Amino acid sequence: MFENLNWWEIGALLLLALLIFGERLPKVIGDGMRMLRGLRAMAQNATSDLNRELGTDLQLQDLHPKAFIRKHLISEDEEAAIRKPLQGLLEDVKSDLNGVKTDLTEVADAADIKKAPSAPIVTSEPKARTLDLDAT
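Because the structure is a prediction, the values reported are computed rather than measured.

Draft legend 1. Highlighting the confidence of the model for the chain. Residues at a pLDDT of 70 or more form 78% of the chain, whose mean pLDDT is 77. Within the chain, no element has a lower average pLDDT than helix H3 (residues 65-72), which sits at 75, and none a higher one than helix H2 (residues 25-54), at 89.

Put into structure tokens, the structure is as follows:
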């Protein structure tokens, strides 16, 4: 639920909630948690009622239209036949992107060769530092 928020944003939201609700914040959080538990219980009751009425083991994810069609209306062979033309198109796009990527790396490598200095760069080794532990 909060995967796209970083710690600073969560902290800012908590500070804002503290400023808005003040001393009532623990009661507001408790009420929110009770409401969330109530919504979960209602969803579980609804799925159990559907399972009992339909006589199947229905999961909440199965109610998504794509998943429902994939599970109940289309066989695996038909799904593979539908995906086959799109799979070829996907392979073509991937190969084109790989070609563009190699072209870009070749251009970048050529640009680095042109920018390379004619004289070698001489760097000196860093001098080793010693600590005088006897000095106080």
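Draft legend 2. View of a nonpolar patch on the surface. On the surface, Leu13, Leu16, Ile20, Phe21 and Val28 cluster together into a nonpolar patch covering about 420 Å² of accessible area. Sort the elements by how many residues they give to the nonpolar patch and helix H1 (residues 7-21) lands first, with 4 residues. Along the chain, Val28 falls in helix H2. In this structure Val28 comes out as partly exposed when scored by relative accessible area, which is 33%.

Draft legend 3. Expanded view of the layout of surface pockets. Within this model, the second largest pocket holds a volume of roughly 160 Å³. In terms of lining residues, the second largest pocket is bounded by Lys66, Ile69, Arg70, Ile74, Glu79, Ile82, Arg83 and Leu86. At the level of elements, H3 and helix H4 (76-115) are the ones that each hand at least two residues to the lining of the second largest pocket. Among the elements that line the lining of the second largest pocket, the one with the most residues is H4, at 4 residues. Within the lining of the second largest pocket, the residues separate by chemical class into 4 nonpolar, no polar and 4 charged.

Draft legend 4. Focus on the environment of Ile74. With respect to the helices and strands, Ile74 occurs in the loop between H3 and H4. Excluding its chain neighbours within four sequence positions, the residues that come into contact with Ile74 are Ile69, Glu79 and Ile82.

Draft legend 5. Spatial organisation of the pattern of salt bridges. Within this structure, the stated rule accounts for 3 salt bridges. A salt bridge links Asp31 to Lys27, with the shortest nitrogen-to-oxygen separation between them at 3.5 Å. Of this pair, Asp31 and Lys27 both sit in helix H2, 4 residues apart, which is roughly one turn of that helix. Via salt bridges that share partners, Lys27, Asp31 and Arg34 belong to a single interconnected network.

What counts, and at which threshold
- Residues numbered from 1 in each chain as written.
- Predicted model: local features only at pLDDT ≥ 70, side-chain atom pairs only at ≥ 80, totals over all residues.
- Heavy atoms only, no water.
- pLDDT = per-residue confidence, 0-100.
- Helix = DSSP H or I, 4+ residues; strand = E, 2+ residues; numbered from the N terminus.
- Patch = residues over 30% accessible without salt bridge, like charges linked within 9 Å, V, L, I, M, F, W, Y side chains within 5 Å.
- Areas by Shrake-Rupley, 256 points an atom, 1.4 Å probe, with all protein chains shown as cover.
- Salt bridge = Lys/Arg side-chain N within 4 Å of Asp/Glu carboxyl O.
- Buried < 20%, exposed > 50% of the residue type's maximum accessible area, 1.4 Å probe, protein only.
- 1 Å grid on protein atoms, 1.4 Å probe; cavity = no way out; pocket = protein on both sides within 12 Å on 5 of 7 lines; lining within 4 Å.
- Points joined across faces, edges and corners; volume = space filled by probe spheres on them.
- Nonpolar A, V, L, I, M, F, W, Y, C, P; charged D, E, K, R; others polar.
- Contact = heavy atoms within 4.5 Å.

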